[in-house]
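# Breakdown of the fold
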Amino acid sequence: MVMAETAATIEELEIELLLEALFQRAGYDFRGHDRTVLRARLHALMEAQALVTVSALQERVLHHAGAGAALLRALSVAPALLFDDPQQAGSLREVVRGCLRASAMPKVWLVECAGAEEAWSLAILLAQEQLHQRTEIYATMANGELLAEAEQAGVPMESMAGYQENFLKSGGQGSLLDYFEVQGKRALLLPQLRGRITWAQYNLVTDASFNEFQLILCRRALPDFGPQLRQRVLRLFHDSLARFGVLGIDGALGEADGIGEHYQSLAGHAGFYKRTS
C-alpha cells in the first residue's frame, strides 16, 4: 500500500515537471487542466510509445524531434467528425434560430475547435437555416499545427454516406454532398461556406477577449479544465458574449463557476444558456 501510494505521488510530481517543461520549452500551458483527464491521455501516449514512466516521456519530449508535437496532439481536443453528435447538433440548430436571427451581423466563436469537421458542421447548419451569408464563424485553437491541418482539411469520400445518416438525424434536410465540392477522393466544403470561417490561433489560458459574440460554443474542451482554469475561461466567455447572447458548454453551470446569476438555462437544451445581465 505504501509503495503504491509512493508510486502515485512520484507520478504526480513527474506530471507537474512534464507540464512545466512543456510550458517553458514550447509555451503551451496545460498546468490548469484536470489531472484525471490529463493522466489518462498521458498513459495512452506512453503505451503507444512503449514508455513506462512519465519521466521517460519527458526525456523524449525534451531531446527528440517531433516528440513534443506528439504530446501536444495527445493533450489537445480530439478531432470531431461531421455531425458526430446528431442530438447535440439538433439542439444547436434550434438555438441558432433563436439567438442569431435578430442580429444583423452575428458572430459565433467556436472555442478550441475540434478540427475542420466541427466548424464545417456548424457552417452547414447555418446554411440550412439561411443564416450563413451574414454570420461569421471564428474557429480558434491553441495548437498551431492542428490549426494548419484544419485549414487544409478535406473529407474522405468513403465517409460521406455515414455522415449523411447523422446529418439527417440532426434535423438536416436533403443531401449533405450539396454543401461540398468533390476533388478526387475527398470532399471540400463549398468556398462560399469556407469563406465564412475565420481560423485563428488563440490560447484560452493567456489571451484576452478579442471580440463580442452572439454565440460562444465550447463543449469539447471545457471538461478538460481544472476548477480554477474553468472559472477563468467562463469569465472570459462572459466578457466576450453580447447581452442576450447564448453560451454553449459541456453541461450545467455550477455555483463554483461564478457566472450563473447572469444566465438563464434554455429549456430543453442542456448546456445552453442565454446571458441576461
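This one's a predicted model, so the numbers in the text were calculated from it and none came from an experiment.

Cut-offs used in this document
- Residues numbered from 1 in each chain as written.
- Predicted model: local features only at pLDDT ≥ 70, side-chain atom pairs only at ≥ 80, totals over all residues.
- Heavy atoms only, no water.
- Core = buried A, V, L, I, M, F, W, Y, C linked by side-chain atoms within 4.5 Å.
- Buried < 20%, exposed > 50% of the residue type's maximum accessible area, 1.4 Å probe, protein only.
- Helix = DSSP H or I, 4+ residues; strand = E, 2+ residues; numbered from the N terminus.
- Contact = heavy atoms within 4.5 Å.
- Pairing = 2+ DSSP bridges.
- Axes fitted to C-alpha atoms, helices over the stretch in contact; angles between N-to-C directions.
- Expected span 1.5 Å × (residues − 1).
- Salt bridge = Lys/Arg side-chain N within 4 Å of Asp/Glu carboxyl O.

### Here we look at the nonpolar core
Burial of nonpolar side chains together is a common tendency in soluble globular proteins. By size, the foremost hydrophobic cluster in this structure holds 45 residues, and its most contacted members are Trp120, Ile124 and Phe180. Looking at this core, the element that brings in the most residues is helix H6 (residues 116-128), giving nine residues. Setting aside anything within four residues of it in sequence, one finds Ile124 in contact with Leu82, Phe83, Phe167, Leu176, Tyr179, Phe180, Leu189 and Leu193. Val77, Ala114, Phe213 and Leu253 belong to the second largest nonpolar core, which has 26 residues in total.

### What to know about the sheet that holds strand S1 (residues 107-110)
Within a sheet, adjacent strands bond to each other through the backbone by hydrogen bonds, running parallel or antiparallel. Across the sheet, which stays open at both edges, the seven strands sit in the order S6-S2-S1-S7-S8-S10-S9 with mixed pairing between neighbours. Looking at strand neighbours, the two that pair on one side only are strand S6 (197-201) and strand S9 (263-265), the edges of this open sheet. For this sheet, the mean inter-axis angle between neighbouring strands, taken without regard to orientation, is 20°. Here four bridges tie S1 to strand S2 (residues 136-141), and the two strands are oriented parallel to one another. What sits directly across from Val108, in S2, is Ile137. Contacts from helix H5 (residues 86-100) reach S1, strand S7 (213-217), strand S8 (241-248) and strand S10 (272-275), with the element oriented near 165° to S7.

### Quick notes on unusual backbone geometry
Here the phi dihedral of Glu112 falls at roughly 45°; this positive angle occurs in a residue that is not glycine. Along the chain, the position of Glu112 falls in the loop between S1 and H6.

### Some remarks on H6
Between its first and last C-alpha atoms H6 spans 18 Å; for 13 residues at 1.5 Å apiece the expected length is 18 Å, and the two agree. Within H6, 13 of the 13 residues are buried, leaving the element largely enclosed by the surrounding structure. In the stretch just after H6, Gln130 is the one whose phi turns positive, near 60°.

### Focus on the sheet that holds strand S4 (residues 180-183)
Within the open sheet, the three strands sit side by side as S3-S5-S4. Their pairing is antiparallel. This sheet does not close on itself; its edge strands, each paired only once, are strand S3 (155-156) and S4. In this sheet, strand S5 (residues 186-189) lies alongside S4 in antiparallel orientation, the contact comprising four bridges. Its bridge partner being in S5, Glu181 is matched across the sheet by Leu188. Packed onto the sheet, H6 meets S3, S4 and S5 and runs at close to 55° relative to S5.

### Describing the pattern of salt bridges
Under the counting rule described, the total for this entry stands at 17 salt bridges. For Asp84, the salt bridge identified is with Arg220, shortest N-O distance 2.9 Å. On the criterion of sequence distance, the pair formed by Asp84 in the loop between helix H4 (67-75) and H5 and Arg220 in the loop between S7 and helix H10 (227-240) is long-range, its members being 136 residues apart. A residue is classified by how much of its surface remains accessible, and Asp84, at 32% relative accessible area, is partly exposed. Classification of Arg220 by relative accessible area gives partly exposed; the value is 34%. One salt bridge in this structure joins Lys169 and Glu165, with 3.4 Å as the shortest N-O distance. You can see Lys169 and its partner Glu165 sitting in helix H8 (residues 160-169), four residues apart, about one turn around the helix. Residue Lys169 is classed as exposed on the basis of its relative accessible area of 56%.

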